[in-house]
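Structure at a glance
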Amino acid sequence: MDYMLSIDQGTTSSRAVVFDHGGRVVAMAQREFTQYFPQPGWVEHDAHEIWQTQLAVLREVLTHAGISARQVRALGITNQRETTVLWDRQTGEPVAPAIVWQDRRTSGFCEALRAAGHAPGIAAKTGLVLDSYFSGTKLAWLLDHVPGARLRAERGELAFGTVDSWLLWQLTGGRVHATEPSNASRTLLLNLKTGTWDDDMLALLNIPHAVLPQILPSCGQVALTDVQWLGASVPIAGWAGDQQAALFGQACFAPGMAKNTYGTGCFMLMNTGDHPVASQNQLLSTVAWKGPVTAQRPLAYALEGSVFMAGATVQWLRDGLQIIDSAAQVEALAASVLDTGDVFLVPAFVGLGAPVWDGQARGALVGMTRGTGRAHIARAALEAIALQTADVFLAMGADSGLALTELRVDGGASKNDLLMQIQANVLGVPVVRSRISETTALGAAYLAGLATGYWSGADELSAQWQEERRFLPQWQESQRRGHAQRWREAVARSRSWAQN
């Protein structure tokens, strides 16, 4: 019997998952790694630590599953997107710490580009909002601030990649420097319509072409792993950014299907079919995947709304405020009060994402009285996750012209029943939790499995998807609208704070 193996390299941990032919989890291994905050608004990772923890869990999960690498049909990769790594092609050594997607150090650069009138052209070419969230300005910063980096990059001595490229480089012993379209579409450097690196964007950000990876399909055999890592060579045959992989893992193959993943951030994607949709509400248009997924639609696009602080908000309750000892405690604490007492938390610790996109916004806790306790704040934190998602949900419906009738959910925080009920209440539509919560890793496995014939096609994968629980709205429309209005008032108080 053979199995599928997935790498799920996230913002705070590296994971590996083994799946069987039914899409069921056979074994999983996970290790957290260090988060670095060298200055306010800066977030960094050690790229070596990412690789070392990922390799460790790959070996661990095979042991946990009781299988060898020879029993693995193929390997899929999914990863935290936008995080930027720059390394030496000869030595494989990073020239600087990886700049994480949450990092805001290039906000000023983005503001200067916006002031110069570049934002509309960037959106038209890339489908993205001009924001420091994306990789392009992070790469430009590294080239400008690491001594000698720009000259070395122009000579072809350095390699840029998002985490997928970094892992592929390591897994193949430095033989392959490549990425795939869903990750490439998050760099500000990809032309969304042609699927190639855009010369105008490279010129605007002063990025030399020689530093860029090759773009390969999301579904298709890419390379073989070096035998030294797992004891046998394993085909790497599917890969996608974490949110696109989750969309695939949720079997959202038809246009109009949407999912929301609750991780460090919160990310809602809707399949828009074989053409990109230009957002009128500051959502992102992005590549979902490319490859022989279905004969009818080898290329799929998506609309996306990104919320920067979801699970990270609960981590702040634990590590910053220290009102809980573990993230798992937040549900019981929040459930100990019936409501927030009109307290709202706006977790704009690293700015606000869609549909506001305010890099200068900062966190705000408003509406407190002497009667406010830690339970009210905990409940306000859960409501903040749900209310940010509701803003994106409304914008997505407006952009697509489709009335979204349900939301499929996954990710760690989707296991929080109170949060999911709050989510249904503020959305006004059912929230549906899938039986398998590891849909991000499953999406990568599905892509690799389709490329190697492990699964026959999208119909077989759709048949595997199963509902675990459905949360129905319990609020009246008037209550939902009133709560949304109070939320918007709270958000307004957090806007542009860093400029004051």
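This text follows the structure it describes.
Okay, so let's go over this structure. (Residues numbered from 1 in each chain as written. Predicted model: local features only at pLDDT ≥ 70, side-chain atom pairs only at ≥ 80, totals over all residues. Heavy atoms only, no water.)

**Points about the overall build of the chain**
Helices and strands together make up the secondary structure of the chain, namely 17 helices and 23 strands. Computed over the C-alpha atoms, the radius of gyration of the chain is 22 Å, within 12% of the 23 Å expected from 2.2 N^0.38 for a compact globule of 500 residues. Projected onto its principal axes, the C-alpha positions of the chain cover 60 × 55 × 45 Å. Excluding contacts between residues fewer than 6 apart, the proportion of contacts in the chain whose partners are at least 24 apart in sequence is 73%. About 18200 Å² of surface is accessible on the chain, with carbon and sulfur atoms providing 50% of the total. Taking the average place of the 39 positive charges on the side chains of the chain and the average place of its 45 negative ones, the gap between the two points comes to 2 Å. (Helix = DSSP H or I, 4+ residues; strand = E, 2+ residues; numbered from the N terminus. Rg over C-alpha atoms; globule rule 2.2 N^0.38 Å. Contact = heavy atoms within 4.5 Å. Areas by Shrake-Rupley, 256 points an atom, 1.4 Å probe, with all protein chains shown as cover. Lys, Arg positive; Asp, Glu negative; His and termini not counted. Charge placed at Lys NZ, Arg CZ, Asp CG, Glu CD.)

**Side note on unusual backbone geometry**
Positive phi outside glycine occurs at Gln282, with the angle close to 60 degrees. Checked against the element boundaries, Gln282 lands in the loop between β16 (266-273) and β17 (284-290).

**Here's the deal with the pattern of salt bridges**
Under the defined criterion, the tally for this structure stands at 33 salt bridges. Two residues, Arg152 and Asp88, come together in a salt bridge whose shortest N-O distance is 2.3 Å. Here Arg152, found in helix α5 (residues 149-154), pairs with Asp88, found in strand β6 (residues 85-88); they are 64 residues apart in sequence, far enough to count as distant. Its relative accessible area of 24% is what places Arg152 among the partly exposed residues. The shortest N-O distance in the salt bridge between Arg469 and Asp417 comes to 3.0 Å. Placement of the pair is Arg469 in strand β23 (residues 467-471) and Asp417 in helix α14 (residues 417-427), with a sequence separation of 52 residues. Residue classification places Asp417 among the partly exposed positions, given a relative accessible area of 27%. Taken together, the shared-partner salt bridges connect Arg81, Glu82, Arg186, Asp242 and Glu304 into one network. (Salt bridge = Lys/Arg side-chain N within 4 Å of Asp/Glu carboxyl O. Buried < 20%, exposed > 50% of the residue type's maximum accessible area, 1.4 Å probe, protein only.)

**Digging into α14**
Along α14, 10 of the 11 residues are buried, which leaves the element largely enclosed by surrounding structure. If you check which residues of α14 are buried, you get Leu418, Leu419, Met420, Gln421, Ile422, Gln423, Ala424, Asn425, Val426 and Leu427. Two or three places before Leu418, at the start of α14, stands the capping residue Asn416, its side-chain oxygen 3.1 Å from that residue's backbone nitrogen. Looking one or two residues past α14, Gly428 carries a phi angle of roughly 80 degrees, positive in sign. (Polar contact = N/O pair within 3.5 Å; in protein donor to acceptor, adjacent residues only side chain to side chain.)

**Quick notes on the nonpolar core**
Ranked by internal contacts, the top residues of the largest apolar core, which has 137 residues, are Ile207 and Val211. With 15 residues, helix α13 (residues 374-400) is the largest single contributor of residues to this core. Core analysis: the second largest hydrophobic core is formed by 43 residues, Ala98, Ala232, Val234 and Trp239 among them. (Core = buried A, V, L, I, M, F, W, Y, C linked by side-chain atoms within 4.5 Å.)

**Looking at the packing of α13 against α14**
Relative to each other, α13 and α14 sit at 40 degrees, their axes nearing to 9 Å. Put simply, α13 runs oblique to α14. Read as a crossing pair, α13 and α14 show a hand that is right-handed. Contact residues: Arg379, Leu382, Glu383, Ile385, Ala386, Leu387, Thr389, Ala390 and Phe393 in α13; Leu418, Leu419, Ile422, Gln423, Val426 and Leu427 in α14. Taken together, the residues that form the contact of α13 with α14 break down as 11 nonpolar, two polar and two charged. (Axes fitted to C-alpha atoms, helices over the stretch in contact; angles between N-to-C directions. Parallel < 35°, antiparallel > 145°, perpendicular 65-115°, else oblique. Left-handed = near helix turned anticlockwise from the far one by under 90°. Nonpolar A, V, L, I, M, F, W, Y, C, P; charged D, E, K, R; others polar.)

**So, the pairing of strand β1 (residues 3-9)**
Summarising burial for β1: seven of the seven residues are buried, a large majority. Side chains of β1 alternate between two faces, with Tyr3, Leu5, Ile7 and Gln9 and Met4, Ser6 and Asp8 buried alike. Relative to strand β5 (residues 72-79), β1 runs parallel, the two sharing seven bridges. Counterpart to Asp8 in the pairing with β5 is Thr78. Inspection of the sheet shows β1 paired to strand β2 (residues 13-19) by six bridges, in the antiparallel sense. Bridging across to β2, Ser6 finds its partner in Val17. Count of turn residues in the β1/β2 antiparallel hairpin: three residues. (Pairing = 2+ DSSP bridges.)

**Topic: the layout of surface pockets**
To find leftover empty space, a probe the size of one water molecule is rolled over the atoms. Space inside the second largest pocket adds up to approximately 380 Å³. Lining the second largest pocket are 20 residues, with Ala123, Ala124, Gly127, Leu128 and Ser279 sitting closest to its centre. The biggest single contributor to the lining of the second largest pocket is helix α3 (residues 119-126), with four residues. In terms of residue class, the lining of the second largest pocket is made up of 12 nonpolar, six polar and two charged. (1 Å grid on protein atoms, 1.4 Å probe; cavity = no way out; pocket = protein on both sides within 12 Å on 5 of 7 lines; lining within 4 Å. Points joined across faces, edges and corners; volume = space filled by probe spheres on them.)

**Section: the environment of Val356**
By secondary structure assignment, the location of Val356 is in the loop between β19 (344-346) and β20 (364-366). When neighbours within four sequence positions are excluded, Val356 is seen to be in contact with Gln282 and Arg495.

**As for the side chain of Thr53**
Tracing the chain through its elements places Thr53 in helix α1 (residues 47-65). The class of Thr53 is buried, set by a relative accessible area of 8%. Side chain to side chain, Thr53 and Ser14 meet in a polar contact 2.9 Å long. Setting aside chain neighbours within four positions, we find Thr53 in contact with Ser14, Arg31, Glu32 and Phe33.

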